[in-house]
Amino acid sequence: MIIVLVPLLIIIHLQMEIKIMRKILLLFYFISVTCVTAYSNNSNLIYVKGDTTNVISNDGKKQGYWIEYKDNLRFEMYYHNDTLNGVHKTFYQNNVISSFGFYTNGEKTGVWYFFDEKGRLILEQSQIKKVKYSKKTEGELVEYNNSSYIKYYFNNGRLKEEGFAFYNDVEEHVQKYGIWKTYDEDGKKFKTETYNKAQ
């Protein structure tokens, strides 16, 4: 009787170990699938998949909190059904904030702030609108896609100049229009200029 029971107990024990091993292997497979880091050569963006960051829904749309890297900047943002919604922040490589603002249904809204690598405010924009405006500059037609009220700041934090402008990238070339006020480093207004849209 004992001779018959021993092999039977060994077989039962082995079957239990196999079941446990299968569960462990399935768990490792699940972890490896859900915690994948994928690199895209075309967009130069790194996507990190996980439980709460960089989530892609079953229909392939970005959802919730995302972190992406591009042009030596870290982007932190929120998506709803593949559309930017909520707080949007960028950071320099030294973890100093580069820009801060909000998106509503894929459009910039409210006030946006831009900083230098030392964390000093250099630019602020508000009343942001999508526009179509073209202007000939040195014989070349330049098309602008955005308009906003812009404020530039001195390194000491005081307002340098402010007014409306057309632009494609607010941190690069802008086409001023309307009334622009210019200030000295003590914060005193010393010049007002009017720019026509055709200038």
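The rules we used
- Residues numbered from 1 in each chain as written.
- Predicted model: local features only at pLDDT ≥ 70, side-chain atom pairs only at ≥ 80, totals over all residues.
- Heavy atoms only, no water.
- Helix = DSSP H or I, 4+ residues; strand = E, 2+ residues; numbered from the N terminus.
- Buried < 20%, exposed > 50% of the residue type's maximum accessible area, 1.4 Å probe, protein only.
- Contact = heavy atoms within 4.5 Å.
- Areas by Shrake-Rupley, 256 points an atom, 1.4 Å probe, with all protein chains shown as cover.
- Pairing = 2+ DSSP bridges.
- Salt bridge = Lys/Arg side-chain N within 4 Å of Asp/Glu carboxyl O.

Before we move on, can you summarise the overall build of the protein chain with the specific residues and values?
Helix and strand counts for the protein chain come out as 1 helix and 13 strands. For the protein chain, the sequential pattern of α-helices and β-strands runs α-β-β-β-β-β-β-β-β-β-β-β-β-β. Within the protein chain, the proportion of its 199 residues that are buried is 27%. Sequence separation of at least 24 residues holds for 18% of the intrachain contacts in the protein chain that already meet a minimum separation of 6. For the protein chain, the computed accessible surface area is about 13800 Å², with 56% contributed by carbon and sulfur atoms.

Which residues make up the pairing of strand β11 (residues 159-167), and what are the values?
Pairing analysis gives 8 bridges linking strand β10 (residues 140-153) to β11, with the strands arranged antiparallel. When the sheet's bridge partners are listed, Ser-148 is paired in β11 with Ala-165. Hairpin geometry of β10 and β11 is characterised by an intervening segment of 5 residues between the two adjacent antiparallel strands and by a positive phi of about 90 degrees at Gly-157. Direction of pairing for β11 relative to strand β12 (residues 174-183): antiparallel, over a ladder of 6 bridges. In the strand pairing of β12, Tyr-167 is matched with Val-174. Here β11 hands over to β12 after 6 residues, the two strands then running antiparallel side by side.

Could you give me a rundown of the pattern of salt bridges, with the residues and numbers involved?
Applying the stated criterion across every chain, the model contains 5 salt bridges. Here Arg-120 makes a salt bridge to Asp-116, at a shortest N to O gap of 2.8 Å. Look at Asp-116 and you get buried, because its relative accessible area is 12%. The residue Lys-176 makes a salt bridge to Glu-161 at a minimum N-O spacing of 2.9 Å. Here Lys-176, found in strand β12, pairs with Glu-161, found in strand β11; they are 15 residues apart in sequence, far enough to count as distant. Taken individually, Lys-176 and Glu-161 each receive the classification buried, so the pair is uniform in this respect.

Just give me the short version of unusual backbone geometry, but keep the residues and values in it.
At Asn-95, a position not held by glycine, the phi torsion is positive, near 70 degrees. Position of Asn-95 relative to the elements: it lies in the loop between β6 (83-91) and β7 (97-104). One non-glycine residue, Gln-127, adopts positive backbone phi at about 50 degrees. Take Gln-127: it is sitting in strand β9 (residues 121-137).

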